[in-house]
Amino acid sequence: MAEFLLELYSEEIPHGLQISAREEIKKNFLKLLEEESIKYKSAEVYSTPTRLVLLVRDLPNEIKIEAKKVRGPKVGVPENIIEGFIRSHQITKKDLFENMEEKGKFYCFKKLAKKIPTEDVLAKITPKVIASINWKKSMRWSDHDLMWGRPLRSILSIFNNKHLKFDYHHLVSADGIIIVDNFIDKIKKVKNFKEYESQLKANKILLKQEDRKNNIIKKFVSICKSKNYLENFNEKLMEEVVNITENPSVILADFDKEYLSIPEEIIISTLQRHQRYFPLFDSKNRLTNNFLIVANKPDTQNIIREGNKRVVLARLSDAKFFWDKDKAKNLIKQISKLKEITFFEKIGTIYDKTQRLRKLAAIISDQLYINKEKIEIAASITKSDLKSDLVGEYPELQGVMGKYFALAQGFEEDVANAVSDHYLPTGLSSPVPKKPLSYAISIIDKLDSLVGFFLINEKPTSSKDPFALRRAAIGLLRIVIENNLELKLKDLISYAIRLYVNQGVKIENNQVEKEILDFLKERMRNILKEKKIRPDIIEAAISSHVGDNYLVLYKKSIVMNKNFNKDIGRDAIYSFKRASSILDHESKKLTKELTGRPDAVLFRKDEEKFLFEKLNEIRKSFTVKEDRKDYEELLAKLAAIKESTDNFFDNVVVNDENQDIKSNRLELMFMFCKTFNSYIDFSKLDGI
């Protein structure tokens, strides 16, 4: 059994492109091996900033191709078609024979069994694999035609300890790797992966991502233990530094303690986001003036440490200057400056949005019983920090800085928190605002954006969502669900439309309310999937939902999923199944539509009277105010009707000879199914 080693050596590839390239090259190569019927034991892929490496172990030296019959054109086709078939398969006319099949008589020939050297197949498929990587951004080297993620400089290709030669654009595969030593390229010959990895290690290059990560974490932990700091490192940043280093070296650095007086988010963003450094926290989770740097080589003379400290000092000095300047600016006076920032061309400025939010805040305050004056103040200043120098320098801190400015200027804490929290949540798993003022502002901010873009027909498509409206909708729904809110979204949407019209926005879509409610309903699929709800329950809940109360949809789905395989769920489903199967069969024969309103005068059996009474009891439970409904209890009531249902079917013949009695019993069945479907569409559940 043989080993195949491929190294693609290029200019430095960004970490994100490395990750996707690793996944693609492995997937595409193994797919081609499968197509060629080549078996293998394992496949591994590694990368450094300049090397993308694929290693496949235990490949056969030869591929056995079994004998088989190859069908050609149908007997009777023009001669030129037959000749074309002969040429394409490199056979002669004597090799052909006629074979009768189900669809007629065809020319065929027998392809003999043969063995093909695996290296011949690898030489054919490897250039295809290299070309198959789908780079988000590509570059061209010099005047060559080759487009790649970064200029590709050399290709190492070894199979079974020998050089596997092939061409790829202007490059010819080699049996040596490039090692840069004091800015000079040196070629090192290798015969297999063991020698390859050994050469890299000898030149202080760690090939495997996991080795580099473990190396970094080990040094991080050692420093943190010595300082009594928390061992809490940003995983996303860790992945990035692992992929931009070949020989990671960890350096402990610090900045002047005076900068700890500015909001810690500024410092963390400076270190983490802008410089790729790791901030450090003490045992009480307080930010310290120490940070960790991951360099690509040892810092024997402290040159890297001092250079990076100067960069951090310069950025923090600027940040402190902006902080001292911006916190003194009156947030209320900053509102008028928002006229200078366009929200979107067709729907006005951020100032216009702020005015709409202030008026929407007054409406939602009535629904959520929030102090109207306070929420209007919060809505007015939510976007004021966008004109600050700090947010201009740190756009990722919009909202956060607004909170600090508000606190510095004496606004109440819940108002300040609303400024920061109204951007939440940012995804399916990120936290949602939990304080009334915060979640109220967050809801109207997201709803205002949805209404605006739907009004001008800038709706998401299946492949594009440039204004992140899906994220806004999911965020809105999560706030409603996780804070257990009963909201009249229709009223809010209707009022938001009126506010846009009053500002002179041209309506290009007259179905905004319906489309937004449907859009929100579809986004519930994502939330329910995330909660591991059964697909059939999701479909049953969403297809049966009407109105604007998505909390109800969520509660029903959760309760149904929890009880689906318990007696309560099984009994409810079984009862519905018995009623719906008879109804489906008999209702097709009726000449008039069923209404679900049986006439009690036509009941002839105690069992149908009792079932009717039970259904009416359940229907009353559905009329209770939403905030008092218990969906677990409602499902239990639906399940408890099983005994009455069984008695009915055991003692009552629905298909009575008297047409009026039969129709009345079908009306009872229709009433039964309508009652169940008021909870969830039971017909969509598996097994129904």
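This text follows the structure it describes.
Residues numbered from 1 in each chain as written. Predicted model: local features only at pLDDT ≥ 70, side-chain atom pairs only at ≥ 80, totals over all residues. Heavy atoms only, no water.

1. Focus: the overall build of the chain
Moving on, step 1. Helix and strand content of the chain: 25 helices and 21 strands.
Moving on, step 2. The C-alpha atoms of the chain give a radius of gyration of 35 Å, which is well past the 26 Å a tight globule of 688 residues would have.
Moving on, step 3. Across the 688 residues of the chain, 48% fall into the buried class.
Moving on, step 4. Here the chain displays about 35,300 Å² of accessible surface, and carbon together with sulfur accounts for 47% of that area.
Moving on, step 5. Charged side chains in the chain number 119 positive and 102 negative. The centres of these two groups are separated by 2 Å. (Helix = DSSP H or I, 4+ residues; strand = E, 2+ residues; numbered from the N terminus. Rg over C-alpha atoms; globule rule 2.2 N^0.38 Å. Buried < 20%, exposed > 50% of the residue type's maximum accessible area, 1.4 Å probe, protein only. Areas by Shrake-Rupley, 256 points an atom, 1.4 Å probe, with all protein chains shown as cover. Lys, Arg positive; Asp, Glu negative; His and termini not counted. Charge placed at Lys NZ, Arg CZ, Asp CG, Glu CD.)

2. With respect to unusual backbone geometry
Moving on, step 1. The omega torsion of the bond from L424 to P425 falls at -10°, within 30 degrees of zero and hence cis.
Moving on, step 2. Mapped onto the secondary structure, P425 falls in the loop between α14 (413-421) and α15 (436-455).
Moving on, step 3. The backbone phi angle of N285 is positive, close to 65°, even though this residue is not glycine.
Moving on, step 4. With respect to the secondary-structure elements, N285 resides in the loop between β18 (278-281) and β19 (287-295).

3. Some thoughts on helix α17 (residues 489-502)
For an α-helix, 3.6 residues make a turn, and residues three or four places apart therefore share a direction.
Moving on, step 1. In this model, α17 (14 residues) spans 20 Å end to end at C-alpha, consistent with the 20 Å of a helix rising 1.5 Å per residue.
Moving on, step 2. Those residues of α17 hidden inside the fold are in contact with β20 (342-344), α10 (350-368), α15, α16 (469-482), α18 (512-530) and α20 (550-563). (Expected span 1.5 Å × (residues − 1). Contact = heavy atoms within 4.5 Å.)

4. So, the side chain of N664
Moving on, step 1. Inspection of the secondary structure assignment puts N664 in helix α25 (residues 659-677).
Moving on, step 2. Overall, N664 belongs to the buried group, its relative accessible area being 5%.
Moving on, step 3. Those residues in contact with N664, other than ones at most four positions away along the chain, are P598, D599, L602 and F603.

5. Digging into the pairing of strand β6 (residues 97-101)
Moving on, step 1. As paired strands, β6 and strand β7 (residues 104-111) are joined by 5 bridges and run antiparallel to one another. Note that in β7 the partner of E98 across the bridge is Y107.
Moving on, step 2. Between β6 and β7, which pair antiparallel and follow one another directly, the connecting turn spans 2 residues. (Pairing = 2+ DSSP bridges.)

6. A word on the sheet that holds strand β12 (residues 162-163)
Moving on, step 1. Read across the sheet, 5 strands follow the order β2-β3-β1-β11-β12 without closing on themselves; strand pairing throughout is antiparallel. Each having just a single partner strand, β2 (42-47) and β12 make up the two edges of the open sheet.

7. Regarding the sheet that holds β19
Moving on, step 1. Reading across the sheet, the 3 strands line up as β17-β19-β18 and stay open at both edges, with antiparallel pairing between neighbours. Single-partner strands in this sheet number two, and they are β17 (249-254) and β18. With direction set aside, neighbouring strand axes in the sheet form an average angle of 30°.
Moving on, step 2. In this structure, β18 lies alongside β19, joined through 3 bridges in antiparallel fashion. Residue F281 lies in a different strand from β19, and its bridge partner there is L287. (Axes fitted to C-alpha atoms, helices over the stretch in contact; angles between N-to-C directions.)

8. Some thoughts on the pairing of strand β16 (residues 184-189)
Moving on, step 1. The sheet contact formed by strand β15 (residues 176-181) and β16 spans 6 bridges and is antiparallel. The residue bridging I177 from the neighbouring strand is K188, located in β16.
Moving on, step 2. Linking two consecutive strands that pair antiparallel, namely β15 and β16, is a turn of 2 residues; a positive phi of about 55° is found at N182 within it.

9. A look at the pattern of salt bridges
Moving on, step 1. Counted by the stated rule, this structure contains 48 salt bridges.
Moving on, step 2. A salt bridge links R71 to E101; the shortest N-O distance between them is 2.9 Å. Here R71 is found in strand β5 (residues 68-74), whereas its partner E101 is found in strand β6, with 30 residues between them in sequence.
Moving on, step 3. When the shortest N-O distance is used, the salt bridge between E231 and K225 registers 3.2 Å.
Moving on, step 4. In this structure K225 comes out as exposed when scored by relative accessible area, which is 59%.
Moving on, step 5. Beyond isolated ion pairs, a larger network of salt bridges with shared partners links K353, R356, K383, D445 and D448. (Salt bridge = Lys/Arg side-chain N within 4 Å of Asp/Glu carboxyl O.)

10. Here's the deal with the packing of aromatic side chains
Moving on, step 1. A full pass over the atoms with the stated rule returns 24 aromatic pairs.
Moving on, step 2. Taken together, a centroid distance of 6.3 Å and an interplanar angle of 90° make the contact between W323 and Y404 edge-to-face. Taken together, the residues W323 in helix α8 (residues 303-326) and Y404 in helix α13 (residues 400-408) connect sequence positions 81 residues apart.
Moving on, step 3. By relative accessible area, which is 8% here, W323 ends up buried.
Moving on, step 4. Following the ring pairs from residue to residue traces out a cluster consisting of F343, F344, F453 and F467.
Moving on, step 5. The residue whose ring lies beneath R71 is F106, and the NZ or CZ to ring-centre distance is 4.2 Å.
Moving on, step 6. The ring of Y404 has K403 sitting right over it, with the charged end atom 5.7 Å from the ring centre. (Phe/Tyr/Trp six-rings, centres within 6.5 Å; stacked < 30°, edge-to-face > 60°. Lys NZ or Arg CZ within 6 Å of the ring centre and 35° of its normal.)

11. Considering the packing of helix α11 (residues 372-381) against α15
Moving on, step 1. Contact geometry for α11 and α15: axes closest at 10 Å, N-to-C directions at 55°. When the axis of α11 is compared with that of α15, the two are oblique. Crossing geometry of α11 relative to α15 is assigned as right-handed. Here K374, I375, A378 and A379 of α11 come into contact with α15, specifically with L437, A440 and I441.
Moving on, step 2. A per-class count over the contact of α11 with α15 returns 6 nonpolar, no polar and 1 charged. (Parallel < 35°, antiparallel > 145°, perpendicular 65-115°, else oblique. Left-handed = near helix turned anticlockwise from the far one by under 90°. Nonpolar A, V, L, I, M, F, W, Y, C, P; charged D, E, K, R; others polar.)

12. Focus on the environment of I19
Moving on, step 1. On the secondary structure map, I19 appears in helix α1 (residues 15-35).
Moving on, step 2. Looking at I19, the relative accessible area reads 18%, which means it is buried.
Moving on, step 3. Considering only alpha carbons, one finds I19 and I91, 72 residues apart in sequence, at a separation of 46 Å.
Moving on, step 4. Beyond its immediate chain neighbours, meaning those up to four positions away, I19 contacts E239 and N243.

13. Details of the side chain of D326
Moving on, step 1. Structurally, D326 is set in helix α8.
Moving on, step 2. For D326, a relative accessible area of 2% corresponds to the buried category.
Moving on, step 3. From its side chain, D326 meets the backbone nitrogen of D389 in a polar contact 3.1 Å long.
Moving on, step 4. If sequence neighbours within four positions are ignored, D326 has contacts with S388, D389, L390, F405 and Q409. (Polar contact = N/O pair within 3.5 Å; in protein donor to acceptor, adjacent residues only side chain to side chain.)

14. Some thoughts on the nonpolar core
Moving on, step 1. Counting 135 residues, the largest nonpolar core has L450, M524, M560, Y679 and F682 as its most contacted members.
Moving on, step 2. The greatest single-element share of this core, amounting to 12 residues, is contributed by α15.
Moving on, step 3. The contacts of Y679, once residues within four sequence positions are left out, are K556, V559, M560, F622, Y631, L634, L635 and L638.
Moving on, step 4. Grouped together as the second largest cluster of nonpolar side chains are 36 residues, I25, L54, V121 and L152 included. (Core = buried A, V, L, I, M, F, W, Y, C linked by side-chain atoms within 4.5 Å.)

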